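Each chain, written out:
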Amino acid sequence: MTSPQPAETPTQKRSAQTATLAEIAREAGVSAPTVSKVLNGRADVAPATRARVEDLLRAHGYRRRRAESSRSPLIDLVFHELESAWAMEVIRGVENVARDTGLSVVLSESAGRLTPGRTWADQVAARRPHGVILVLSGLDESQRALLTSRSIPFVVMDPAGDPGADVPSIGATNWQGGLAATRHLVDLGHTRIGAISGPTRMMCSRARVDGYRAALETAGLPVAPDLILTGDFHHEAGYRQGLELLRRPDRPTAVFAGNDLQALGLYEAARELGLRIPQDLSVVGFDDLPVARWVGPPLTTVRQPLMEMAEAAARLVLDLGRGEGASTATRVELATSLEVRSSTAPPREAP
């Protein structure tokens, strides 16, 4: 006759489950209210104590229960830089979804860094928003663990690097856009085509240049490294790198500017050198910001559906907050398209 198996002790039962606040407090050698303060992002906890509690929360995979998770009616929107018409399109998209769901948007900037600072993460934990959307940014491991432990979902829009297979993200078909932009110039008859890329640390920038290279190679044209200059997605870089390209005796007859702001800087460089667009120089941008239709001549550009991307990111982060992530695609790329206007034309005789 088989002896009855001993019943599991409460400790054994909990070993396969999420630890309670009381257990974490005992292990950390602090009170349960102190653990609660750490969870709520309160500032009145010693740094060493906070770090010890955070380590234990991560180690135990602690997640705030729904009953504990009274969220503020907010969506946190984080930019690595917040200073252009590009950002305004993203803000409009998130605002559209937030307004329809009765939420407000909190804007943050990480001052050019690809991950926000630790202070930001603590502030978000204290606010307990419905979700966080990071634009051209990401989270380090401790920040991800902090948001996860508070059951605050997050989505990366247009990630700067590979966000990881388990990080929800919304992007665009950047490679296809670079291919379409360059192929358009090739089809017009251009054979010497320059490019002004964005920062090489950004995945979207590298993908656009890879598409540019693929279009040239497919057409049997050489990829000249000296015609590919690196910018930073700002107007000044388009102007500065544009002057370098256009002052060459064998200057390109067309340039793929990488984004609309750099294309506008290139316009300024061409005017300064007495070159007419498109008669002397064809220009293609990327993004299709509203200003692309207003400049003279109107800019041929690759439309990146920024507002739709932002709306998709906002809807996704709210779905994740409702526990609907399992049935929702968490790696999404929206299609780009070429908008042909008046800044491109067949080349004149070689300069």
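Residues numbered from 1 in each chain as written. Predicted model: local features only at pLDDT ≥ 70, side-chain atom pairs only at ≥ 80, totals over all residues. Heavy atoms only, no water.

Some thoughts on a negative patch on the surface
At step 1: A grouping of Glu83, Glu109, Asp232, Glu236, Glu268 and Glu272 is seen on the molecular surface, where their side chains present a negatively charged patch.
At step 2: Of note, Asp232 is situated in the loop between strand S7 (228-230) and helix H10 (235-246). (Patch = residues over 30% accessible without salt bridge, like charges linked within 9 Å, V, L, I, M, F, W, Y side chains within 5 Å. Areas by Shrake-Rupley, 256 points an atom, 1.4 Å probe, with all protein chains shown as cover. Salt bridge = Lys/Arg side-chain N within 4 Å of Asp/Glu carboxyl O. Lys, Arg positive; Asp, Glu negative; His and termini not counted. Charge placed at Lys NZ, Arg CZ, Asp CG, Glu CD. Helix = DSSP H or I, 4+ residues; strand = E, 2+ residues; numbered from the N terminus.)

Concerning the sheet that holds strand S11 (residues 331-334)
At step 1: Taken together, the 6 strands give an open sheet; going across it, the order is S2-S1-S3-S4-S5-S11, and neighbouring strands pair in parallel fashion. Each edge of the open sheet is held by one strand with a lone partner, namely strand S2 (104-109) and S11. Across the sheet, the mean angle from the axis of one strand to that of its neighbour is 20°, orientation sign disregarded.
At step 2: In terms of strand pairing, strand S5 (residues 169-172) meets S11 through 4 bridges, oriented parallel. For Ala172, the partnering residue across the bridge sits in S11 and is Leu334. (Pairing = 2+ DSSP bridges. Axes fitted to C-alpha atoms, helices over the stretch in contact; angles between N-to-C directions.)

Here's the deal with the pattern of salt bridges
At step 1: Going through the model one piece at a time under the given rule, you end up with 14 salt bridges.
At step 2: A salt bridge links Asp210 to Arg213; the nearest nitrogen and oxygen atoms lie 3.3 Å apart. In this pair, Asp210 and Arg213 both sit in helix H9 (residues 203-218), 3 residues apart, roughly one turn of the helix.
At step 3: Look at Asp210 and you get partly exposed, because its relative accessible area is 37%.
At step 4: Each member of the salt-bridge network shares a partner with another, and the members are Arg192, Asp226, Glu244, Arg248 and Asp250. (Buried < 20%, exposed > 50% of the residue type's maximum accessible area, 1.4 Å probe, protein only.)

Here's the deal with the sheet that holds strand S9 (residues 282-287)
At step 1: Ordered by their spatial adjacency, 6 strands build an open sheet running S7-S6-S8-S9-S10-S12, and the pairing between neighbours is mixed. What marks the edges here is a single partner per strand, and that holds for S7 and strand S12 (337-339). When strand polarity is set aside, the average angle formed by the axes of neighbouring strands in this sheet is 20°.
At step 2: Looking at chain direction, strand S6 (residues 193-197) and S7 are connected through 3 bridges and run parallel. Looking across to S7, one finds that Ile196 is bridged to Leu229.
At step 3: Lying over the sheet, helix H11 (residues 260-272) contacts S6, strand S8 (254-256), S9 and strand S10 (300-303), oriented at roughly 155° with respect to S9. (Contact = heavy atoms within 4.5 Å.)

Thoughts on the layout of surface pockets
At step 1: If you add up the space inside the second largest pocket, you get close to 310 Å³.
At step 2: Forming the walls of the second largest pocket are 21 residues, and the residues nearest its centre are His80, Glu81, Leu136, Asp232 and Phe233.
At step 3: Residue composition of the lining of the second largest pocket, grouped by class: 10 nonpolar, 4 polar and 7 charged. (1 Å grid on protein atoms, 1.4 Å probe; cavity = no way out; pocket = protein on both sides within 12 Å on 5 of 7 lines; lining within 4 Å. Points joined across faces, edges and corners; volume = space filled by probe spheres on them. Nonpolar A, V, L, I, M, F, W, Y, C, P; charged D, E, K, R; others polar.)

Examining the environment of Ala314
At step 1: By secondary structure assignment, the location of Ala314 is in helix H13 (residues 306-321).
At step 2: Judged by relative accessible area, Ala314 falls into the buried class, the value being 0%.
At step 3: Put simply, Ala314 and Gly93 are 221 residues apart on the chain and 8.1 Å apart in space, counted from C-alpha to C-alpha.
At step 4: Sequence-distant contacts of Ala314, defined by excluding residues within four places in its chain, comprise Val94, Val97 and Ile133.

Focus on empty space enclosed by the protein
At step 1: Evaluation of the coordinates by the stated rule reveals 1 cavity of 30 Å³ or more.
At step 2: In this structure, the largest cavity spans a volume of roughly 40 Å³.
At step 3: Together, Ala195, Ile196, Ser197, Gly198, Ser205, Arg208, Val209, Phe233, Phe256 and Gly258 line the largest cavity.
At step 4: For the lining of the largest cavity, the secondary-structure elements that each account for two or more residues are S6 and H9.
At step 5: For the lining of the largest cavity, the class distribution of residues is 5 nonpolar, 4 polar and 1 charged.

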